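# Working through the structure, step by step
Take a look at the letters that make up each chain.
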Amino acid sequence: MNIISLFSGAGGLDLGFEKAGFKTTWANEYDKEIWETFEKNFPKTTLDRRSISKIPSDEIPETLGLIGGPPCQSWSEAGKSRGIDDDRGQLFFEFIRVLKDKKPLFFLAENVSGMLAPKHKDALENIKNHFINSGYSLSFKLLNAHDYNVPQTRKRIFFIGFRKDLNITFQFPKEFEKKRFLKDVIDDLKNNVLSAKDKNYTNSDECKIDNHEYMIGGFSSMFMSRNRVRSWDEPSFTIQAGGRHAPLHPQAPKMQFVEQNKRIFVPKHEQLYRRLSVRECARIQTFPDTHKFYYNNLTAGYKMVGNAVPPNLAYFLAKKIIEDLNELQLNKLIIKNSITYEKKESFETQIASL
């Protein structure tokens, strides 16, 4: 089932949807530091490198589904949180513009939990109303990726909608009772990591595992204001887009409290404190090791990984979407043609007849 992807980044959403049975035929990404990573990991997808604001809708292919994560810095609690007043915040309306013009069967849009801040209340309601007025039944929820087979605490909001004529209201999948933790995904990587070269240039030629290198350099007073270590039997802190704020490896003891907003590394164990590598962050985000990230400086690698939607979370949402569409199509065929489940045509042929 063909879909298109906006603000595609390194392809976390696309990987999850691909695993569920979708195929991204056309994608859009404006950040030149990401182009090589996306194109080499999705060689059969056409990547349009222009700003989405410069792409007329008639140059975007028809599609059955639209997915994407408009830039989140404008809404981030860690940033200036300017929201819709920032040009990047307004890119949400470019996503809605494409949705209105292409009218796919469904859409999915992801963004940071900072959109839920009280000062963004009116802007958030405006965005919701735009989705609804575009002709879609909207479902909206804050999800923690740790509830969906992802070994980190990561809260993000999702807007998911089906076209109103389909009469489907999306129900978010149930949370997993069994959780994954750091030991489950990065334990085997602890002994073969490399540090970055001077000024954090890549050491990729010497990495035994792609991207298994970590950023070097000091830690800011803000970083040292709280504990940055999670234990092996805990989920990771949120993987962020900034390498200097990457969580510390669980081999180290939790940081020692000194006073409010000040912690230190436990004396005599300072050598154990290092940032998680780009590959370790990717594992925690649930990217497979076959998904290689291309960069000259590790800053770009951490950014691509940290901004991505975890593929596992994307998969469970995509799986529910395709199940809803399959059920809809089967019901329509039974009612209209009085055929049995065993006689139904391929899903994509059916859906084209809607």
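Quick caveat: nothing in here was measured; it's all calculated off a predicted structure. (Residues numbered from 1 in each chain as written. Predicted model: local features only at pLDDT ≥ 70, side-chain atom pairs only at ≥ 80, totals over all residues. Heavy atoms only, no water.)

## Considerations on the pairing of strand E2 (residues 23–28)
Pairing geometry for strand E1 (residues 2–6) and E2, over four bridges, is parallel. If you follow isoleucine 4 over to E2, its bridge partner there is tryptophan 26. As for the winding sense of the linkage, the β-α-β connection from E1 through helix H1 (residues 12–20) to E2 is right-handed. Bridge count for E2 against strand E3 (residues 46–48) is three bridges, and the pairing is parallel. Of the residues in E3, the one forming a bridge with tryptophan 26 is threonine 46. Assessed by its sense of winding, the connection that carries the chain from E2 through helix H2 (residues 32–41) to E3 is right-handed. (Pairing = 2+ DSSP bridges. Helix = DSSP H or I, 4+ residues; strand = E, 2+ residues; numbered from the N terminus. Right-handed = clockwise from strand over helix to strand, strands pointing away.)

## Thoughts on the sheet that holds strand E4 (residues 65–68)
Sheet architecture is open: seven strands sit in the order E3-E2-E1-E4-E5-E7-E6, paired in mixed fashion. If you trace the sheet from one side to the other, it starts and ends with E3 and strand E6 (136–144), each paired once. Adjacent strand axes in the sheet meet at a mean angle of 20°, parallel and antiparallel pairs treated alike. Examined bridge by bridge, strand E5 (residues 106–112) and strand E7 (residues 155–163) share seven bridges and lie antiparallel to one another. The residue of E7 that forms the bridge with valine 112 is arginine 156. Sitting on the sheet, H1 is in contact with E1, E2, E4 and E5, with an inclination near 140° to E4. Helix-sheet contacts for helix H4 (residues 121–133) involve E5, E6 and E7, and the interaxial angle to E6 is about 140°. (Axes fitted to C-alpha atoms, helices over the stretch in contact; angles between N-to-C directions. Contact = heavy atoms within 4.5 Å.)

## Quick notes on H4
Between its first and last C-alpha atoms H4 spans 18 Å; for 13 residues at 1.5 Å apiece the expected length is 18 Å, and the two agree. Of all the positions in H4, only Ala123, Leu124, Ile127, Lys128 and Phe131 are classed as buried. For H4, the angular spread of buried residues about the axis comes to 140°, placing them on one side. In H4, the exposed positions that point more than 90 degrees away from the buried face belong to Lys121, Asp122 and Asn133. Downstream of H4 by one or two residues, glycine 135 has phi in the positive range, about 100°. (Expected span 1.5 Å × (residues − 1). Buried < 20%, exposed > 50% of the residue type's maximum accessible area, 1.4 Å probe, protein only. Arc of directions from axis to C-beta.)

## Details of H2
All of the buried residues along H2 are Ile34, Trp35, Thr37 and Phe38. Looking at the buried residues of H2, the elements they touch are H1, E2, E3 and helix H7 (298–307). Capping the start of H2, aspartate 31 holds a side-chain oxygen 3.0 Å from the backbone nitrogen of glutamate 33, two or three residues further along. (Polar contact = N/O pair within 3.5 Å; in protein donor to acceptor, adjacent residues only side chain to side chain.)

## Comments concerning the packing of aromatic side chains
Within this structure, the stated rule accounts for 21 aromatic pairs. A centroid spacing of 6.4 Å and a plane angle of 40° characterise the contact between phenylalanine 162 and phenylalanine 170, whose relative ring orientation is tilted. The two residues phenylalanine 162 and phenylalanine 170 agree in class, both being buried. The residue whose ring lies beneath lysine 19 is tyrosine 315, and the NZ or CZ to ring-centre distance is 4.6 Å. (Phe/Tyr/Trp six-rings, centres within 6.5 Å; stacked < 30°, edge-to-face > 60°. Lys NZ or Arg CZ within 6 Å of the ring centre and 35° of its normal.)

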